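# What the coordinates show
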Amino acid sequence: MNKKTIKDIDLKGKKVLVRCDFNVPMDENKNITDNRRIVSALPTIKYLLENNCAIILCSHLGRPKGEFKPEFSLQPVAKELSKQLNIEVKMAKDVIGEDAKQLANNLKEGEVMLLENVRFHSEETDNNEEFAKELASMADIYVNDAFGAAHRAHASTEGVAKFLPAVSGFLIEKELNFLGNAISNPERPFVAILGGAKVSDKIGVIDSLLEKVDTLIIGGGMAYTFFKAQGYNVGNSICELDKLDLAKQAMDKAKSKGVKLMLPIDTKIGKEFKPDTESKTVAWTEIPDNWEGFDIGEKTIEIFKEELKNAKTVIWNGPLGLFEFEQFAVGTNSIAETLANLDATTIIGGGDSAAAVEKAGLSPKMTHISTGGGASLEFLEGKKLPGIESLLNK
Ligand code: AMP
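Values in this document were obtained by computation on a predicted structure and should not be read as measured data. (Residues numbered from 1 in each chain as written. Predicted model: local features only at pLDDT ≥ 70, side-chain atom pairs only at ≥ 80, totals over all residues. Heavy atoms only, no water.)

## Focus on helix 8 (residues 222-229)
Of all eight residues in helix 8, seven are buried, a share of seventy percent or more. Within helix 8, burial applies to Met-222, Ala-223, Tyr-224, Thr-225, Phe-226, Phe-227 and Ala-229. Residues of helix 8 that are buried in the fold lie against strand 7 (190-194), helix 7 (199-209), strand 8 (215-218), helix 9 (244-257), strand 10 (266-270) and strand 12 (292-296). Of the residues one or two after helix 8, Gly-231 is the one with positive phi, at around 90 degrees. (Buried < 20%, exposed > 50% of the residue type's maximum accessible area, 1.4 Å probe, protein only. Helix = DSSP H or I, 4+ residues; strand = E, 2+ residues; numbered from the N terminus. Contact = heavy atoms within 4.5 Å.)

## Overview of the pattern of salt bridges
Counted according to the given criterion, the structure contains 21 salt bridges. One salt bridge in this structure joins Lys-253 and Glu-211, with 2.7 Å as the shortest N-O distance. Of this pair, Lys-253 sits in helix 9 while Glu-211 sits in the loop between helix 7 and strand 8, placing them 42 residues apart in sequence. Look at Glu-211 and you get partly exposed, because its relative accessible area is 47%. For Glu-302, the salt bridge identified is with Lys-305, shortest N-O distance 4.0 Å. Within this pair, Glu-302 and its partner Lys-305 are both found in helix 10 (residues 298-309), separated by three residues, close to a single helical turn. Classification of Glu-302 by relative accessible area gives partly exposed; the value is 46%. Connected through salt bridges with shared partners, the residues Asp-207, Glu-211, Lys-253 and Lys-257 form a single ionic network. (Salt bridge = Lys/Arg side-chain N within 4 Å of Asp/Glu carboxyl O.)

## Topic: the environment of Gly-231
Relative to the helices and strands, Gly-231 is located in the loop between helix 8 and helix 9. Overall, the relative accessible area of 65% leaves Gly-231 in the exposed class. Distance from Gly-231 to Lys-243, taken between C-alpha atoms, is 13 Å for residues 12 residues apart in sequence.

## Focus on the site of the ligand
Taken together, 16 residues are adjacent to the ligand, and Ala-197, Gly-221, Gly-293, Glu-324 and Asp-352 come closest. In the environment of the ligand, an oxygen atom lies 3.0 Å from a nitrogen or oxygen atom belonging to the backbone of Ala-197. Gly-321 is positioned with one of its backbone polar atoms (N or O) 3.4 Å from a nitrogen atom of the ligand. Starting from 500 Å² of accessible surface for the ligand in isolation, the protein chains cover 80%. (Near = heavy atom within 4 Å. Polar contact = N/O pair within 3.5 Å; in protein donor to acceptor, adjacent residues only side chain to side chain. Areas by Shrake-Rupley, 256 points an atom, 1.4 Å probe, with all protein chains shown as cover.)

## Looking at the side chain of Lys-3
One can find Lys-3 in the segment before strand 1 (15-19). Buried charged residue Lys-3 carries no salt bridge. Nearest counter-charge: Glu-389, at 4.9 Å. Within polar-contact distance, the side chain of Lys-3 engages the backbone oxygen of Glu-389 at 3.0 Å. Looking at Lys-3, its side chain comes within polar contact range of the main-chain oxygen of Leu-391, at 3.0 Å. With near-sequence residues (within four places) excluded, Lys-3 lies in contact with Asp-8, Ile-388, Glu-389, Leu-391, Leu-392, Asn-393 and Lys-394. (Lys, Arg positive; Asp, Glu negative; His and termini not counted.)

## Regarding the sheet that holds strand 3 (residues 89-91)
With respect to topology, six strands assemble into an open sheet ordered 3-4-2-1-5-6, the strand pairing being parallel. Every interior strand has two partners, whereas the edge strands, strand 3 and strand 6 (166-168), have only one. The sheet shows a mean angle of 25 degrees between the axes of neighbouring strands, direction not considered. Where strand 1 meets strand 5 (residues 141-144), four bridges bridge the pair, whose relative direction is parallel. In the sheet register, Arg-19 faces strand 5, and the bridge partner there is Asn-144. (Pairing = 2+ DSSP bridges. Axes fitted to C-alpha atoms, helices over the stretch in contact; angles between N-to-C directions.)

Encoded structure:
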């Protein structure tokens with residue numbers, strides 16, 4: 001990485017503003033149901049504590065749309081952080097208001113505080129300069145460790161870096177090392193697996209991965225647009241009729257680049273969009289009217305597994321079916337299990353695939369699970385991430 005990290009700057013005794021991604025899922029009682037994003041931020045926070053910094057943490061949570069809404073408070077995160085760090089993390093009542101500023105002013109070396117949800121101000125997503133300046137005024141140094149928000153040019157991810165010496169934390173460094181190495185220097189065969197609902201969300205990444213991989217496996221809802229593009233009936237399956245040309249272009253590009261593009265050969269279809277719907281498996285060329293494709297079939301799982309057997313680097317983004325419904329989670333779970341048992345570098349690109357791997361208890365068996373679905377996709381697409389571009393060069 002060509003950006004400075006917290007190891008490249010004198011931090012001793014400094015007041016440091018750290019942008020984290022504490023956008024964690026919670027249940028209706030405000031219990032955090034998956035604390036991985038908090039745990040992933042700990043190495044940076046602990047390092048700053050070892051360097052006697054006074055630490056001001058900030059993050060967004062959900063989409064409160066620019067106003068204070070108690071259900072989007074970061075209070076539960078402060079509680080979880082206190083538990084994880086074994087010290088009290090002081091919770092501010094606001095973001096750049098009197099309470100936050102007073103707490104920040106009085107913050108001593110070795111103390112940690114958390115600002116309220118930065119998205120309680122619309123200025124955050126507007127990347128408002130005054131708001132960024134206010135955030136910056138509380139600290140001497142800015143550390144960005146919010147990989148999950150690094151593809152957003154917001155005040156706390158990008159704007160603030162104009163007003164303070166800005167460096168990355170360990171999480172961003174780690175994410176970029178894994179994703180960057182996989183892309184620029186992969187051990188081959190290099191296989192990418194793309195799933196999820198829509199071609200339109202992934203066409204950029206399909207295009208850029210076709211320049212790099214040996215095999216591209218496509219599953220999930222996206223596959224039906226590729227079937228339709230070849231003139232086949234997809235019944236009621238999710239399909240983007242305005243993206244048929246893009247699908248065709250991707251197939252042509254794969255051919256011209258010598259990339260093996262693998263699509264499902266059979267699909268598990270259901271009558272209705274509900275968990276216990278009647279279902280059956282058919283060949284991809286034989287989807288009847290009024291049925292919907294919700295998963296890859298057993299034969300597809302076998303050919304995908306066979307292809308993955310020899311892979312040395314695998315990147316996976318997007319579930320291979322409607323995995324929220326158990327009977328259509330078989331494809332996603334089988335691929336997760338296959339990756340877990342490979343002797344290869346396995347990188348899970350965040351979002352739903354990361355959730356599926358976590359749910360199956362397979363996370364420890366993967367090389368790297370990204371904390372940013374959108375950010376990792378944009379990185380793989382070759383786009384510049386504003387939250388990283390704005391940091392100091394080495
Ligand atoms: P994405 O955010 O694009 O990665 O899409 C993830 C969503 O795609 C998940 O909620 C999956 O349930 C959904 N999905 C995957 N395969 C299908 C399918 N065959 N039909 C409908 N939805 C699907």
